[in-house]
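Fold and contact review
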Amino acid sequence: MTEARRRRIEEVLRRRQPDLTVLLENVHKPHNLSAILRSCDAVGVLEAHAVNPTGGVPTFNETSGGSHKWVYLRVHSDIQTAIGHLRELGFRIYATALWEDAQDFREVDYTGPTALLLGAEKWGVSEEALALADGAIQVPMFGMVQSLNVSVAAAVILFEAQRQRLKAGLYEKPRLDPELYQKVLEDWLRK
Ligand code: SAM
């Protein structure tokens, strides 16, 4: 481990946002999962969440650019458990859905604890998850095709969250409590 590598790790960790995350409901294609984790890494998500249709460990591919090493992924047994876990941690959960009552994603405040719920490539967010979420947001669409690729929708919204958080100064000082910071640092230094 060079000094430069250690410095880079600490610099990235100081910008991690423990109160911004995604919850992936049955997003099963490895390239989508990988691309979402890559965007998560870029905006500073510490830990992402998933409910996996196969019940197994989700798989990544080269699209991740190695980001799955730097964004923890917690897999939950089902959507109720996942949402319950996030709610207990104080997250506000926004379902992303092309639903007529969904708000324009730019109208929402992402500076508080926020989880973006993203749905399966074919079916979208389930009705059950939509009912459990605190609100629904959408990226307005004016084209012939009805929806975006899930990883694109995730990126667009995550970078709006990054924009708001930059403005609010949330990347200026470490957001992890010292105990967690130390634990993650030790883990990352071993990678
Ligand atoms: N037919 C599905 C539906 O009606 O939801 C399309 C699913 S879309 C390909 C997969 C996921 O990408 C959605 O569940 C949502 O999370 C996200 N998504 C795609 N386009 C979106 C948009 N314009 N606004 C918000 N989320 C979007």
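With an unreviewed UniProt entry as reference, the protein is termed tRNA (guanosine(18)-2'-O)-methyltransferase, source organism Thermus thermamylovorans. The record in UniProt for the protein states the following under Catalytic activity (unreviewed entry): "guanosine(18) in tRNA + S-adenosyl-L-methionine = 2'-O-methylguanosine(18) in tRNA + S-adenosyl-L-homocysteine + H(+)".

**A word on the site of the ligand**
Near the ligand, the surroundings consist of 19 residues, among which T96, G119, G124, V139 and L148 are the closest. In this structure, an oxygen atom belonging to the ligand sits 2.6 Å away from a side-chain N or O atom of T96. In this structure, V125 approaches the ligand through a main-chain N or O atom, which is 3.5 Å from an oxygen atom. Protein coverage of the free-state accessible area of the ligand, which is 560 Å², stands at 86%. Among the secondary structure elements, those contributing two or more residues to the shell around the ligand are β7 (135–138) and α5 (150–167). Split by residue class, the shell around the ligand holds 12 nonpolar, five polar and two charged.

**Brief notes about the sheet that holds strand β3 (residues 72–76)**
Spatially, β3-β2-β1-β6-β4-β7-β5 is the arrangement adopted by the seven strands of the open sheet, whose pairing is parallel. Bordering the open sheet on either side are β3 and β5 (103–104), each of which pairs with just one other strand. Pairing geometry for strand β1 (residues 20–25) and strand β6 (residues 114–118), over five bridges, is parallel. Bridge pairing in β6 links T21 to A115. Here helix α2 (residues 30–43) sits on the sheet in contact with β1 and β2 (47–51), set at roughly 170 degrees to β1. On top of the sheet, α5 reaches β1, β4 (92–96), β6 and β7; it is set at about 165 degrees to β6, its chief contact.

Conventions and cut-offs
- Residues numbered from 1 in each chain as written.
- Predicted model: local features only at pLDDT ≥ 70, side-chain atom pairs only at ≥ 80, totals over all residues.
- Heavy atoms only, no water.
- UniProt positions renumbered as here; feature names shortened; annotations may be inferred.
- Near = heavy atom within 4 Å.
- Polar contact = N/O pair within 3.5 Å; in protein donor to acceptor, adjacent residues only side chain to side chain.
- Areas by Shrake-Rupley, 256 points an atom, 1.4 Å probe, with all protein chains shown as cover.
- Helix = DSSP H or I, 4+ residues; strand = E, 2+ residues; numbered from the N terminus.
- Nonpolar A, V, L, I, M, F, W, Y, C, P; charged D, E, K, R; others polar.
- Pairing = 2+ DSSP bridges.
- Contact = heavy atoms within 4.5 Å.
- Axes fitted to C-alpha atoms, helices over the stretch in contact; angles between N-to-C directions.

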